[in-house]
Every structure is written in structure tokens, then in C-alpha cells.
There are 2 protein chains.
Amino acid sequence: MLSESAAAVEATLSDLLPPEGGALEAAMRYGVLQGGKRLRAFLALESAALFRVPRIQALRAAAAVECVHGYSLIHDDLPAMDDDDLRRGKPTVHRAWDEATAILAGDALQTLAFEILASDHGGIDPRIRVRLIQGLAQAAGWHGMVGGQALDIAAETAARPLDLEATTALQALKTGALIIWAAESGAILGRSDPGPLRAYAADLGLAFQIRDDILDVEGDPETAGKRLRKDEAAGKATFVSLLGLDGARARARALVASAGAHLAAYGSAAGNLRLAAGFALDRAA
Amino acid sequence: MLSESAAAVEATLSDLLPPEGGALEAAMRYGVLQGGKRLRAFLALESAALFRVPRIQALRAAAAVECVHGYSLIHDDLPAMDDDDLRRGKPTVHRAWDEATAILAGDALQTLAFEILASDHGGIDPRIRVRLIQGLAQAAGWHGMVGGQALDIAAETAARPLDLEATTALQALKTGALIIWAAESGAILGRSDPGPLRAYAADLGLAFQIRDDILDVEGDPETAGKRLRKDEAAGKATFVSLLGLDGARARARALVASAGAHLAAYGSAAGNLRLAAGFALDRAA
């Protein structure tokens, strides 16, 4: 993300998160601030820019989706889930505090996402707000992100690893739905057809996941700031185990090309979104 | 609740919850259906009736608040939180399935609550929907229910038990905020002043909590369907430890009288809400 945008997202999140108070408030801030690549916030801001949506409105959507993403990471890292001690090179929330605080901080971050979208700050029309909220709930809930997470857990104890179709469907839920919501949020705020951005984001999200699987095999835990090669250890299907390293790279390249093609109608205004697709292929962490 | 209303709430929840599928969907249904006294749904329906709100709209609010309540119970029961094996006489969700499923089912139930309120089913004006969503988020999040839960956890490791003022403030967040939202939802749907219903529900919620503390000391685990005398074992302050049994009973009686007084303007239409306040004093479970 351009550094000016990244700074605006951090500042918005810092304002919307609770002030430092007890463990809950501190854990919520820790789980979201200075976090990662901000892919979802970037998509929300760039898609909004295509439709000349006021920046203050786009930042609401960006902050909301980063709160949902942050909550999902805190809960995913819990001992009962992926049991991870490190995230972005720092102790995970349940390691820095405790499990109860991590559960509650994740819970409250999800709530905050909906509070941000419901609030009239930014002057978003209430009809647009309820549409964004409904879409985010569908992307995050049992038929979206959490549904994908549940399928992923079920796959761990299944008799054999998932096939390519099932793995693709699982990732479309687990990570794709939220990425798609971020990319379409700008079109919804701009009262335009979200179709092309949804198609772009579906390809982009899958390319990102394939790159994650490649980095999980090839990457350096130091650079990644987290434990790697978990899926292999768990005997889980990944795009690398299903397609091989070269096959996975080819599939990611094809998806990035397809993602770019969906942006044709937006011309040069979609330049940053095209760059993001390319970044999905080349990133080292 | 009148049995006709109780049946309508169960049917609405059953329709809105995911159909039986994998563990996630089954755990979500198990955590919410056939659940408890439905105090919050009752308050939503009765407050809506005062303002002649269409029943279909009131049932949306009732279902949403019961989803939030159900999610909070599933997460509260987790080993890292209260570590309870029984709820309403049945195994808790993490005992019937596992911890990961319980975390995800709670997460998805919270999401579902917001999805229910955002959806246009029932024809609720979008301006009313965003107001309900914002209020529910405030009641459920870090400055409401989850904030109270975090204070409750912090109190367990504090040097000494909380005093009466701090215990009252904690309960106002932990259980009061959601009960207040349920009671005011009908006024918001009816475009009327929620003030009197908020005041009624604040008193009622506290009276319910005091009765819970009394039942925790006097009650029969068989009738209650859950483990009792946990607070005493944990050395936590309760209204009974702070006021004594007689003092707690007197305080609950005074609150119920005060709750009823806030309903004066609604006359006989508020008869069921008055009965509910009385029930807070006399219930055995």
C-alpha cells in the first residue's frame, strides 16, 4: 500500500479501537495495529477510489474489514485452533496475555467491525450501511470465513486430504469471502456494480493463498514472522501438495492474469489494483 | 413468556440458523435452540407490542439478541473462561463437540445476529436497522457485555473482592447492556423514546442478577441445570456476599418495584413486562 494510505488506515484504526485500558483494550489494539500487509484495507481504499467515494467513507470500510481479519487471526492462533505462538514476529495475543483475553479480544473486535459500519460517521447513507453490514456478515459468518475455518478443521481429521476442487472451495470461504467483500465495498459505497471487483478479488485471493502455500514450503520463518510447514506436518492438502511447486506457481500466474483482466473497464484508475495482483506472485512474506 | 410467543421465537431462530450440516452448523443450533428462559426475546417482543410494531419485525430483534446471548454463553463456558461442563442440564458446546467448534460456533452466532438485523426481511426501515445494529454492537462489545466479562475475569485475580458499587457497574455491563438493548429495541422499531424501557430494563437486569446470586447459594444444581456455588469457591464478590441473603432479597425487591414504576406511562399494555419483573424475584432457576 502507498505509505500515505497505510498511515491513514493505521490512524483510523487507532481512533476507532478502544483507548488503552485494561487487558481487553490493550489486546484488541495489539491484535490489529501495526498489522501485516493490510491487503483488505488496500482493496477497500483502491476500489473506493475507482468510484470517487469520499476517503472518510472508504476508511470506515477498510477499518471494519481489518477488525474482522484481526479477530479471525487472534482466534485462529488459539491453542484449540492452530496453536501458534508467533504472528508477524511477535507473540500471539494468547501468549502475550492469556486465552480468555484472546477469546474476548477477538469477540470484541468482531463487534467493533459492525459498530464501525453502523455508525453514521462519514455520512454513509443508511441503505448503503445495511448493505455493507449484510455483506460483511455473510463474508465472515458460517457461510463465509468461519464456515471455511470449520471445513479446514474437519479436513484435519478426514480419512484423506482434500482434492483440488475441495481445497479451492474451502479457501474461497476461509480467506476469499472477506477479500471479496473488501474489494466490492468501494463499488457498494459508490453505488456501482460490484461484479468486476468481486471477480478480480476472487482470483486475487486464491493467488494470495497459493503464494502462501508456496512460501510455507520455501519461506524463511524469520522473514515470515510465524511458524511454517504446519500443513505438511499435519498432512493437510495445500496447493503445493496438490499441484507441485511448478504447478502451483503456474496456477497463481494464471489467476493474476485473470484478476487483471477483470479490471479492464476501469482503465488506468485501476493501476494500483493491478500492481497488487502482481505483488501476490512476488512477495517474500 | 406466553407459550405462543415462545414458539414463535423458536421457529424464527430455527429458520434463521443454518440448516443442519457439519459440526459448526449443528453446534450453532444446539447453542441457541430450546434455550433457557428467553428473557431477552420476551423483552424485545413485549416492548415492540407497546408500540404496535409488526410482529415479524419484533421477532428479528428477538432472534438477534438471542443469538448474541447464545454466543456469549458458548464462549463463557469454554475451559479458558468459566470451564463449565453443563448448561441447562445438557453438555456445553465444547463438551458436546470440542473447543475449536465452540469458539467458531460462538463467532458465527455473533455474526448471524448482525446479519439478521441488516437483512431487509420484515421491511424494517434501513435507518432503524442501522440504529438497532449500532446499539446492539455497543451493548455486546468492549464497552458492554464483553467489557463486563473482561472486568469479571480481572476481578478473579484482584487482591480483594469488588465492592458493591464496582459489582453493580460490572453487572450493568456484563448482563445489563444486552437486556437493556432487548427492552429498548421495540421502542426503536416503534420510533418512540426508549428511555422508560431502558430504565425498566436496567432495574430488571440487576434484579435478575441478584436473584442469580441468591439461587447460586440456595439453589439445587439439578433444578438449575448447571454447576452452582462457583463464585463462592472462587472468592468472588456477589450481591449475597456483599449484602447478605436478606439484604440481597430486599435489594432485588426494591429494584423490581422501581422497574415497575418506569412502566407507568404504558398502563395496562405493560402488564406482561410487570409480571416479568415479579418473576425475577420468585423464579427457582
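- Under an unreviewed UniProt entry, the name given to chain A is Geranylgeranyl diphosphate synthase, and the organism recorded is Amaricoccus solimangrovi.
- What UniProt states about chain A under its Cofactor (unreviewed entry) heading is, verbatim, "Mg(2+)".
- Taken verbatim from the UniProt record of chain A, the Pathway (unreviewed entry) comment is "Isoprenoid biosynthesis; geranylgeranyl diphosphate biosynthesis; geranylgeranyl diphosphate from farnesyl diphosphate and isopentenyl diphosphate: step 1/1."

### Brief notes about the interface of chain A and chain B
Here is step 1: Counting residues at the interface gives 40 residues for chain A and 39 residues for chain B.
Here is step 2: Summing the contributions of chain A and of chain B, the shared interface buries around 3,400 Å²; its carbon and sulfur component is 76%.
Here is step 3: When the buried surface of chain A facing chain B is broken down by residue, L104, E115 and W142 of chain A rank first, second and third, together holding 20% of it.
Here is step 4: For the pair chain A and chain B, the number of links is eight residue pairs in polar contact (both at pLDDT 80 or more).
Here is step 5: Secondary structure elements with two or more residues in the side of chain A that touches chain B: α2 (23–32), α4 (55–76), α6 (99–118), α7 (126–140) and α8 (145–156) of chain A.
Here is step 6: In terms of residues, the side of chain A that touches chain B owes the most to one element, α6 of chain A, which gives twelve residues.

### A few points about the relation of the copies chain A and chain B
Here is step 1: Rotating chain A by 180° about the axis while translating it 0.0 Å along that axis superimposes it on chain B, leaving an RMSD of 0.0 Å. A rotation of that kind, with that shift, is consistent with a two-fold axis. Among all residues of chain A, the one whose C-alpha sits closest to the rotation axis is P126 of chain A, at a distance of 2.8 Å.
Here is step 2: When the interface residues of chain A are mapped onto chain B, 98% of them again fall at the interface, so both copies present the same face.

### Concerning the pattern of salt bridges
Residue and element names in this part refer to chain A.
Here is step 1: Considering all chains together, one arrives at 26 salt bridges over all chains under this definition.
Here is step 2: The residue D77 makes a salt bridge to R87 at a minimum N-O spacing of 2.8 Å. Pair noted here: D77 is in the loop between α4 and β1 (86–87) and R87 is in strand β1, with a separation of ten residues, a long-range link.
Here is step 3: R87 sits in the partly exposed class, given a relative accessible area of 21%.
Here is step 4: One continuous salt-bridge network, built from bridges that share partners, spans D152, E156, K174 and K236.

### As for the packing of aromatic side chains
Here is step 1: Within this structure, the stated rule accounts for seven aromatic pairs over all chains.
Here is step 2: Look at F208 of chain A and F279 of chain A: their rings are 6.2 Å apart centre to centre, the planes differ by 55°, and that puts the pair in the tilted class. With a gap of 71 residues between them, F208 of chain A in helix α10 (residues 195–218) and F279 of chain A in helix α14 (residues 271–282) connect regions that are remote in the sequence.
Here is step 3: The exposure class of F208 of chain A is buried, given its relative accessible area of 7%.
Here is step 4: Overall, F279 of chain A belongs to the partly exposed group, its relative accessible area being 40%.
Here is step 5: When the ring of Y30 of chain B is compared with that of W97 of chain B, the centres are 5.1 Å apart and the planes differ by 80°; the resulting orientation is edge-to-face. Pair noted here: Y30 of chain B is in helix α2 (residues 23–32) and W97 of chain B is in the loop between α5 (93–96) and α6 (99–118), with a separation of 67 residues, a long-range link.

### Some details on the packing of helix α3 (residues 39–50) of chain B against helix α9 (residues 164–189) of chain B
Residue and element names in this part refer to chain B.
Here is step 1: Look at α3 against α9: their axes get within 6 Å of each other, and the N-to-C directions meet at 25°. It follows from the interaxial angle that α3 and α9 lie roughly parallel. Two packed elements cross with a definite hand, and for α3 against α9 that hand is right-handed. Across the interface between the two elements, L39, R40, L43, A44, S47 and A48 from α3 touch L178, I179, A182, A183, S185, G186 and A187 from α9.
Here is step 2: Here the contact of α3 with α9 is composed, by residue class, of nine nonpolar, three polar and one charged.

### Things to note about unusual backbone geometry
Residue and element names in this part refer to chain A.
Here is step 1: Positive phi values are uncommon outside glycine, yet R52 reaches one of about 55°.
Here is step 2: Mapped onto the secondary structure, R52 falls in the loop between α3 (39–50) and α4.
Here is step 3: Even without being glycine, R191 reaches a positive phi, approximately 55°.
Here is step 4: Checked against the element boundaries, R191 lands in the loop between α9 (164–189) and α10.

### Concerning the environment of L173 of chain B
Residue and element names in this part refer to chain B.
Here is step 1: Note that L173 resides in helix α9.
Here is step 2: Expressed as a C-alpha distance, the spacing of L173 and V146, which sit 27 residues apart in the sequence, is 7.9 Å.
Here is step 3: In contact with L173, other than residues within four places in its own chain, are H143, G144, M145, G148 and L151.

Reading the values: rules and limits
- Residues numbered from 1 in each chain as written.
- Chains lettered and ligands numbered in written order.
- Predicted model: local features only at pLDDT ≥ 70, side-chain atom pairs only at ≥ 80, totals over all residues.
- Heavy atoms only, no water.
- UniProt positions renumbered as here; feature names shortened; annotations may be inferred.
- Contact = heavy atoms within 4.5 Å.
- Buried area = accessible area lost by both parts, 1.4 Å probe.
- Polar contact = N/O pair within 3.5 Å; in protein donor to acceptor, adjacent residues only side chain to side chain.
- Helix = DSSP H or I, 4+ residues; strand = E, 2+ residues; numbered from the N terminus.
- Least-squares fit on C-alpha atoms with pLDDT ≥ 70 in both.
- Salt bridge = Lys/Arg side-chain N within 4 Å of Asp/Glu carboxyl O.
- Buried < 20%, exposed > 50% of the residue type's maximum accessible area, 1.4 Å probe, protein only.
- Phe/Tyr/Trp six-rings, centres within 6.5 Å; stacked < 30°, edge-to-face > 60°.
- Axes fitted to C-alpha atoms, helices over the stretch in contact; angles between N-to-C directions.
- Parallel < 35°, antiparallel > 145°, perpendicular 65-115°, else oblique.
- Left-handed = near helix turned anticlockwise from the far one by under 90°.
- Nonpolar A, V, L, I, M, F, W, Y, C, P; charged D, E, K, R; others polar.

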